[in-house]
Amino acid sequence: MDNKIKSMFSPIRAWKYLMRTPVTIAKKDIFVNPREASERYRGFHQNDMTKCIGCGTCSEICPTAAINLVPVEGIVHEDGKLDERPAFDYGRCSFCGLCVDICTSDSLNMSKEYLHLSIDADSFYFMPDSSGIHKTSAKVGYTRDEISELLDLVRQEMQHEDESRRSSFIEIVKGYAALDAKNEAARCVACGICTNTCPANMHIPEYIRAVFDEDLKEGIRQIYKTNPLANVCGRICTHKCETVCAIGHRGEPVAIRWLKRYIVDNADATDYNDAAQESVTAPVNGKVAVVGSGPAGLSCAYYLRTLGYEVVVFESQALPGGVIRYGGPQYRLPEESVLKDIGVIENAGVTFKCSTKVGVDITLDELRDSFDAVFLGTGFSLSRPLKIPGYDHEDVQYAIPFLAQTRDYIREIGPMPDVAEKVTVIGGGNVAFDVARTLIRLQEIKYGKSFVQMASLEDSEHLPADLEELEEGLEEGLHGYFAYGPMAVKVEDGKIKGLEVKKVLSIFDEEGRFNPSYDEHDVKLLESSQVYMAIGQMPEYAYFNDEMRDELLTKRGQIAVTDGGQVESYPWLFAGGDIVRGPDIINGVATGHDSAKAIDNYLQSKK
């Protein structure tokens, strides 16, 4: 606010109006030729419907309750927007302008239009668009300025480990302190648009409110209503919620993921366990097998257990957790966080049978005969190969087994992966960066230095990976060859010499099909003695017989299911996670939860 001290003679300036000729407007001209209002006049509202997201902050702040959010007939639903828009009651409006000051999307202003005469009282209640009350697109009067800004548009800063982190697997993000978390929570306007976008429909405004109220037990209670992997998702969730945050239209979105992490990191252990277990009901007559203990399997198992069912999870690996135990790198997802989430699920009464591969150690038919229902959450557990010349060399490594071996090494139950001094990673997604940044750490530990190159079809502005992965990877010394496509793994005398790449001109053809074209004159050899492929994952369906495989799988290798995850023609069989939708962790959590409810409906219908 401008606190400049004014002259004591300032009021005298108003006397100048004594000498001016009064303005008199003839009655006949008041409506026919109305005088234009002054600058920043607070007249009738105008709302740009293409920018308005229906967040309702205007209604919340209105001191006279003059604004209501009402459904708009015929509106086409868009992700990141609600289907309601503000309507104004000018019998109540005080024209204070607070609704304009707080508008998150900058869609609302007040025009210079100030005349409306009608014997129809209903005409004083209307939903404005950009053309205003009389559809005349009157000149803009009052708009928000720096002084009247009501939103905090800048995030609380998060502390990170410095660049020396590349020689260890210590967690990079340090997490919020209490005051930072409270201040960040205060930025939320509680519109709930994030909840609609979150695949699991998490109660985001509610747990953010709990942070602001310093009631972390309530925060945990709100989280566990829809997500039993609070620690995991507080660290490595794809946070789609933040991409639609109302504050993000004019500033930095609220740090929703980090606030969730603050709750799980700081809640009292007893409160945490009580909140997670309070919804577990008494046992009911029903027994369900869950195949796979990744996010979908864990979510399904937990929520089935809260409904009282006996649940047994079959896991092919030695430890439960799937991708969160064997995929996510330690520096982003510490082992302690995974253990905490799985421990809560075990405490709820879920049984885990590890080192048991369905399709090998036990058949799907045997599970069907022993259980009332079966849920498949086996994920995309295999790395997808890129069949370029030399791809089958023994020193060509793949993302999934490499990351799993590294996690076992860090857990001190396996050897260090055999990492060369110069390596190249193929891929541009988050998994490719996981591989590259893990390689940097292993090289630093083994050689005291690192040299990791990355080649991807996409340029740096269009990488499928998160921006933070690119920024942090480059900070750690990654050499990026973006918009360079892999052509061949060059081999001489039985050893890999490097990866040949060509400059990418385009990735898709004129019809939108994947059909990369290259500059034949821009060819490089990225010298390295190992090549790591991280271009995608695919499922393994060893548990299906040929008939089921032909009947159930779609062209993308996923299983066709109903909304609740029930497999058509096999009413006892349900599926979720990557093999149905995704791939990402929060979709796994959501589909696992949905299937738990569908399995409950199915079993109840049989009684």
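Residues numbered from 1 in each chain as written. Predicted model: local features only at pLDDT ≥ 70, side-chain atom pairs only at ≥ 80, totals over all residues. Heavy atoms only, no water.

Some details on a nonpolar patch on the surface
Inference 1: On the surface, Met8, Phe9, Ile12, Trp15, Leu18 and Met19 cluster together into a nonpolar patch covering about 810 Å² of accessible area.
Inference 2: Structurally, Trp15 is set in the segment before α1 (27-32).
Inference 3: On the basis of relative accessible area, Trp15 is assigned to the exposed category, the value being 57%. (Patch = residues over 30% accessible without salt bridge, like charges linked within 9 Å, V, L, I, M, F, W, Y side chains within 5 Å. Areas by Shrake-Rupley, 256 points an atom, 1.4 Å probe, with all protein chains shown as cover. Salt bridge = Lys/Arg side-chain N within 4 Å of Asp/Glu carboxyl O. Helix = DSSP H or I, 4+ residues; strand = E, 2+ residues; numbered from the N terminus. Buried < 20%, exposed > 50% of the residue type's maximum accessible area, 1.4 Å probe, protein only.)

Here's the deal with the nonpolar core
Inference 1: Formed by 99 residues in total, the largest nonpolar core has its most connected members in Leu364, Leu367, Leu376 and Phe544.
Inference 2: Per element, the largest residue contribution to this core is 9 residues, and it comes from helix α20 (residues 585-605).
Inference 3: Among residues more than four places away in sequence, those in contact with Phe544 are Leu364, Leu376, Arg549, Leu552, Leu553, Ile559 and Leu573.
Inference 4: In terms of nonpolar packing, the next biggest core, distinct from the first, is built from 26 residues, Val419, Ala420, Ile440 and Val452 among them. (Core = buried A, V, L, I, M, F, W, Y, C linked by side-chain atoms within 4.5 Å. Contact = heavy atoms within 4.5 Å.)

Quick notes on the packing of aromatic side chains
Two aromatic rings, taken as a pair, are described by how far apart their centres are and by the angle between their planes.
Inference 1: Counting across every chain of the model gives 19 aromatic pairs.
Inference 2: A centroid spacing of 5.6 Å and a plane angle of 65 degrees characterise the contact between Tyr41 and Tyr114, whose relative ring orientation is edge-to-face. One end of the pair, Tyr41, is in the loop between α1 and β1 (45-47); the other, Tyr114, is in the loop between β4 (108-111) and β5 (125-126), and 73 residues separate them in sequence.
Inference 3: Taking the relative accessible area as the measure of exposure, Tyr41 reaches 32% and is therefore partly exposed.
Inference 4: Overall, Tyr114 belongs to the partly exposed group, its relative accessible area being 31%.
Inference 5: Ring geometry for Tyr570 versus Trp572: centroids 6.3 Å apart, planes at 85 degrees, classification edge-to-face.
Inference 6: Under the relative-accessibility criterion, Tyr570 is labelled buried at 14%.
Inference 7: Taking the relative accessible area as the measure of exposure, Trp572 reaches 14% and is therefore buried.
Inference 8: The residue whose ring lies beneath Arg42 is Tyr142, and the NZ or CZ to ring-centre distance is 4.6 Å.
Inference 9: The ring of Tyr272 is capped by Lys340, whose NZ or CZ atom sits 4.5 Å from the centre of that ring. (Phe/Tyr/Trp six-rings, centres within 6.5 Å; stacked < 30°, edge-to-face > 60°. Lys NZ or Arg CZ within 6 Å of the ring centre and 35° of its normal.)

Remember, this is a structural readout, not a statement about activity or role.
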